[in-house]
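Fold and geometry: a report
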Amino acid sequence: MSATEYLNPGCVFLPDTPEKVSEAISIFAKNDCKFAIKGGGHSAIPGAASIHDGVLMPMEYINTTEVQLQEGYIRVGAGATLGSVYEALDPYNLSAVIGRYKKVGLGLAVGAGFSYFSNSEGLTIDNVVNYEVVLANGTIGGNNNFGVVTHFDLATVATDGRVLGGIVYYPESSLDELADVIYDYHVNQAVNDIHTHTLPQYGYNGTTNETINFTPVVYNADILELPDILQPWNNTPHYKSTVHNRNYTSLAAELNDGFPDGKFQAQRIMTVYADAQLYKDIWWEFRKWMKDYQDVEGFYGLHCNMPITPRQVTQGILKGTNALGLEDAGNRTLGILYFGVTFDNKADSDRVLPDHDEFVQKMQKLAASRDLLHPYLMLTYSGWNQPVLTSYGEKNLAKLRAVQAIYDPTHVFQRLVPGGQKLPDAKQA
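These numbers come from a predicted model, not from an experiment.

**Brief notes about the overall build of the protein**
Within the protein, the secondary structure is distributed over eleven helices and 18 strands. The C-alpha radius of gyration of the protein comes to 21 Å, within 12% of the 22 Å expected for a compact globule of 429 residues. Projecting the C-alpha coordinates of the protein onto the three principal axes gives extents of approximately 60 × 55 × 40 Å. When burial is assessed residue by residue, the protein has 56% of its 429 residues classed as buried. Accessible surface, the protein as shown: approximately 17500 Å² in total, 50% of it carbon and sulfur. One finds the centroid of the 31 positive side-chain charges in the protein at a distance of 4 Å from the centroid of its 47 negative side-chain charges.

**Describing the side chain of Ser 118**
Relative to the elements of secondary structure, Ser 118 occurs in helix H3 (residues 118–121). Taking relative accessible area as the criterion, Ser 118 reaches 2% and is therefore assigned buried. A polar contact is formed between the side chain of Ser 118 and the backbone nitrogen of Ser 115, at a distance of 2.8 Å.

**Remarks on unusual backbone geometry**
At Asn 209, a residue that is not glycine, the phi angle is positive and equals roughly 60°. For Asn 209, the position within the fold is in the loop between strand S11 (201–205) and strand S12 (210–219). Residue Asn 209 is classed as partly exposed on the basis of its relative accessible area of 32%. A positive phi is found at Asp 371, a non-glycine position, where the angle reads about 60°. Within the secondary structure layout, Asp 371 lies in the loop between helix H9 (349–369) and strand S18 (373–374).

**Things to note about the sheet that holds strand S1 (residues 11–12)**
Strand order in the open sheet made by the three strands is S1-S3-S2, with parallel pairing throughout. Edge positions in the sheet fall to S1 and strand S2 (35–38), since each of these pairs with one other strand and no more. The sheet contact formed by S2 and strand S3 (residues 55–58) spans four bridges and is parallel. Directly across from Lys 38, in S3, lies its bridge partner Pro 58. Contacts between helix H1 (residues 18–30) and the sheet are confined to S2 and S3, with S3 contributing the most and set at about 160° to the helix.

**Thoughts on H1**
Counted at 1.5 Å a residue, the expected span for H1 with its 13 residues is 18 Å, and the 18 Å between its end C-alpha atoms agrees. Burial in H1 covers these residues: Pro 18, Val 21, Ser 22, Ala 24, Ile 25, Ser 26 and Phe 28. Along its buried surface, H1 packs onto S2, S3, strand S7 (128–135), strand S8 (147–158) and helix H11 (412–415). With its phi angle positive at about 50°, Asp 32 sits one or two positions after the end of H1.

**Regarding a nonpolar patch on the surface**
A contiguous nonpolar surface patch, about 280 Å² in accessible area, is contributed by Val 12, Leu 14 and Tyr 61. Among the structural elements, Leu 14 can be located in the loop between S1 and H1. Since its relative accessible area comes to 32%, Leu 14 is described here as partly exposed.

**A closer look at the packing of aromatic side chains**
One pass over the structure, following the stated rule, counts 22 aromatic pairs. Taking the centre distance of 5.7 Å and the plane angle of 65° together, the rings of Tyr 131 and Phe 152 count as edge-to-face. By relative accessible area, which is 28% here, Tyr 131 ends up partly exposed. The exposure class of Phe 152 is buried, given its relative accessible area of 3%.

**Let's talk about the pairing of S11**
For S11, the tally of buried residues reaches four of five residues, placing the bulk of the element in the interior. Bridge analysis of S11 against strand S16 (residues 300–308) gives five bridges, and the strand direction is antiparallel. Opposite Tyr 202, over in S16, you have His 303 as the bridge partner. As paired elements, S11 and S12 share four bridges and run antiparallel to each other. By the bridge assignment for S12, Tyr 202 is matched with Asn 213. In this antiparallel pair of consecutive strands, S11 and S12, the connection spans four residues, and Asn 209 shows a positive phi of 60°.

Here is what the cut-offs are and how they apply
- Residues numbered from 1 in each chain as written.
- Predicted model: local features only at pLDDT ≥ 70, side-chain atom pairs only at ≥ 80, totals over all residues.
- Heavy atoms only, no water.
- Helix = DSSP H or I, 4+ residues; strand = E, 2+ residues; numbered from the N terminus.
- Rg over C-alpha atoms; globule rule 2.2 N^0.38 Å.
- Buried < 20%, exposed > 50% of the residue type's maximum accessible area, 1.4 Å probe, protein only.
- Areas by Shrake-Rupley, 256 points an atom, 1.4 Å probe, with all protein chains shown as cover.
- Lys, Arg positive; Asp, Glu negative; His and termini not counted.
- Charge placed at Lys NZ, Arg CZ, Asp CG, Glu CD.
- Polar contact = N/O pair within 3.5 Å; in protein donor to acceptor, adjacent residues only side chain to side chain.
- Pairing = 2+ DSSP bridges.
- Contact = heavy atoms within 4.5 Å.
- Axes fitted to C-alpha atoms, helices over the stretch in contact; angles between N-to-C directions.
- Expected span 1.5 Å × (residues − 1).
- Patch = residues over 30% accessible without salt bridge, like charges linked within 9 Å, V, L, I, M, F, W, Y side chains within 5 Å.
- Salt bridge = Lys/Arg side-chain N within 4 Å of Asp/Glu carboxyl O.
- Phe/Tyr/Trp six-rings, centres within 6.5 Å; stacked < 30°, edge-to-face > 60°.

Don't take any of this as a statement about function, it's just geometry.
Following this line, the structure appears as structure tokens:
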């Protein structure tokens, strides 16, 4: 959990059934009591998973997993972590379109969500069969705008029972060559072989002034060697690889290692049309920017570059559509560019965080100047003041407001849940 979320709630309520969540929401609404809901606690947005003075309601006791083999889904409590989902499904040669890290929760299932299976099945939100939600009036029936999700029914995906995957580590001397491989993944590998998955990520350690790339490389099949289409990841000089045949539980556990709790954290996101030179230029600029913060204790920068392919967008349409506003991308791959920073001391926030915000805005202007900026902002990686829901477009905003008018007409979740990304009113948008 990020130290950004270490706030001081007036009290903590730990429900263990949807009915207790319902009772609590009714009490909060009647008494205008501010509250926050915590699932896995992965968000770095201040107040998204905690609160000052109000009531914090962690969902950690609503954490069961129930595999429904005949119906083709797994029912998962909102307090469960992704590792428990993989553990429940691996014995059945099944998996789900969920996140990749063992200790992360299910917030991505209300925001967007990348998965090992995204190239074939689309985003996580396009593979949720049903949400059990406690509404503003306490009735058990996006993000935290309309209600509290207590259970997710997640569609299951048949697997071979084993997967080839792990992390490949590249030295700084390989990064220019690797940039071409990353672009090829976006427009070729992810498009032409839907069983592929990688998560390109660059890391900068301010303490050692060292820059590396450590990319999870995955092929969703029970094989022993990477297929030809993924061989560029092997052929680029690297100093370590953990890629081997294993189950998904093992893979999710390894990917989670090395990400510490308790750091002060900020994250920001932008979306562009895939372009090799733009990818290189933005990474180079971020690399230069980070070096100015070597004196910040514990400073670490992370840059990830994740594709949304045309097939991923199409899967969202075929499975019922979502409100993200991605349909206008056409047959072009989109690149989701993540910029994260962590450091040890809160005192450095006043310097680092505004500069971080300014840098990402500068990169958005750079992409726009080349006619490569897409408006979409992925909620789960967004900064606290980035206009995520506005980025979905006015048509989708209108749909969300219509839902709000039906299920939360008194705006309980707008007024009493201060954290997270909020639906702007018509005047703000």
